[in-house]
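# Coordinate analysis (summary)
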Amino acid sequence: MRDSEARLHLPVVDPAAESVAPPRRRHPEWIRATLPSKPAYFELRAMVKELQLHTVCESASCPNIGECWTRRALTIMILGDICTRSCRFCDVTTGRPLPPDPDEPRRVAEMLGRLSLEHTVITCVDRDDLADFGAAHWAQTIQEVKAACPTMTLEVLAGDFKGNTELVDIVLDADPDVFAHNLETVPRLSRAVRVQASYPRSYKILEHARKRDAVTKTGLMLGLGETRDEVEEVLRDVARLGVDIVTLGQYLAPSKRHLAIERYVPPAEFAELEQYARDQGITHVVAGPLVRSSYHADGQAQLVRDLRAAKHVVR
Ligand code: SF4
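The structure displayed is predicted, hence computed values, not measured ones. (Residues numbered from 1 in each chain as written. Predicted model: local features only at pLDDT ≥ 70, side-chain atom pairs only at ≥ 80, totals over all residues. Heavy atoms only, no water.)

Once that is clear, we can look at the confidence of the model for the chain. On average, residues of the chain score 91 in pLDDT, and 91% of them reach the 70 mark or higher. Taken together, the stretch residues 5-9 has pLDDT below 50 and engages in 29 contacts with residues farther than four places along the chain or on a different chain. Low pLDDT, under 50, characterises residues 11-23; the stretch is placed with 22 contacts to residues that sit more than four places away or in other chains. (pLDDT = per-residue confidence, 0-100. Contact = heavy atoms within 4.5 Å.)

As structure tokens, this is what we get:
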């Protein structure tokens, strides 16, 4: 999976009934999810089902789904819902996927056209079984979405294409407004957290996208055992690269089979790291316990337009 979302066994707060489901695991009081109960959530869910699409919001049981989907903010996941990788933080099913559905890009475009969004994020499962790791399918999806939604800004949260920058170019040539790729964790923990990936390879992908003048974004999960110094070192790396947008969020273990949570990072520490990142020159930082790569991205359409304009990339 390409997003640092995870199935969370959280206390769920229902604002209408003011009822709290018993937690399966005790999280600190600053980690709470809102129960998906609003009509907008059910309408969106019905549309996803009707168009036979997948979302990382559902596949990874993101804790923010009640909040995000009420605003029609969702992250569609393309190339199916079975991933060829087995990252130890992620709850998307690992296995042997079906061939890509050639009609999926059209249905993604139809869904986003119906929703009339200002900005959206699309991600994918990893497809190491395909010769191009899904690059052509990505390009077709981007092209169809842009044709159906000419005023919407589009962020793609892509995999590492095993470090093949020619394949990254296939995605970038389709001209998404934001190219996002998550470093996920600090170099020391990268292999343990993302078994088939590596920090240098992810760094290379981001570096390549920056050289192509793409608006770039990356994200980190905290609470996996990293030290403060290690996080700050990664933020200095990200600043050196010139990545435009950074997200920092708390890792929450999907199940007992996944990596354990080493530490809950308090909100005040997220605020300090956000300031540290800004001090390094990263101007757009979103940090907090429930922040995920796509969290509140729907409010960044104007930011993305401004960033593109600053790079003289105007659609
Ligand atoms: S944070 Fe991202 S993955 Fe989670 S519900 Fe919101 S849009 Fe979906």
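Moving on to the nonpolar core. One recurring pattern in soluble globular proteins: nonpolar side chains tend to sit buried together. Formed by 89 residues in total, the largest nonpolar core has its most connected members in L74, M111, W138 and F179. Residues in contact with F179, not counting those within four places in the same chain, are V156, A158, V168, V171, L172, I205, A209, A214, V215, T216 and K217. Ranked by size, the runner-up nonpolar core spans five residues in total, among them V178, V215, I245 and L307. (Core = buried A, V, L, I, M, F, W, Y, C linked by side-chain atoms within 4.5 Å. Buried < 20%, exposed > 50% of the residue type's maximum accessible area, 1.4 Å probe, protein only.)

As enumerated under the stated definition, the model contains zero disulfides in all. Free of any disulfide, C90 has its nearest cysteine sulfur in C87, 6.2 Å distant. Its relative accessible area of 8% is what places C90 among the buried residues. (Disulfide = S-S within 2.5 Å.)

Our next topic: the pattern of salt bridges. Enumeration according to the criterion identifies 26 salt bridges in this entry. Where R71 meets D298, a salt bridge forms, and the shortest distance between an N and an O atom there is 2.9 Å. One end of the pair, R71, is in the loop between helix 3 (65-70) and strand 4 (75-78); the other, D298, is in the loop between strand 10 (284-287) and helix 11 (301-310), and 227 residues separate them in sequence. Judged by relative accessible area, D298 falls into the partly exposed class, the value being 23%. One salt bridge connects E110 with R114, and the closest N-O pair in it is separated by 2.7 Å. Of this pair, E110 and R114 both sit in helix 4 (residues 104-115), four residues apart, roughly one helical turn. In this structure E110 comes out as partly exposed when scored by relative accessible area, which is 29%. Judged by its relative accessible area of 36%, R114 is partly exposed. (Salt bridge = Lys/Arg side-chain N within 4 Å of Asp/Glu carboxyl O. Helix = DSSP H or I, 4+ residues; strand = E, 2+ residues; numbered from the N terminus.)

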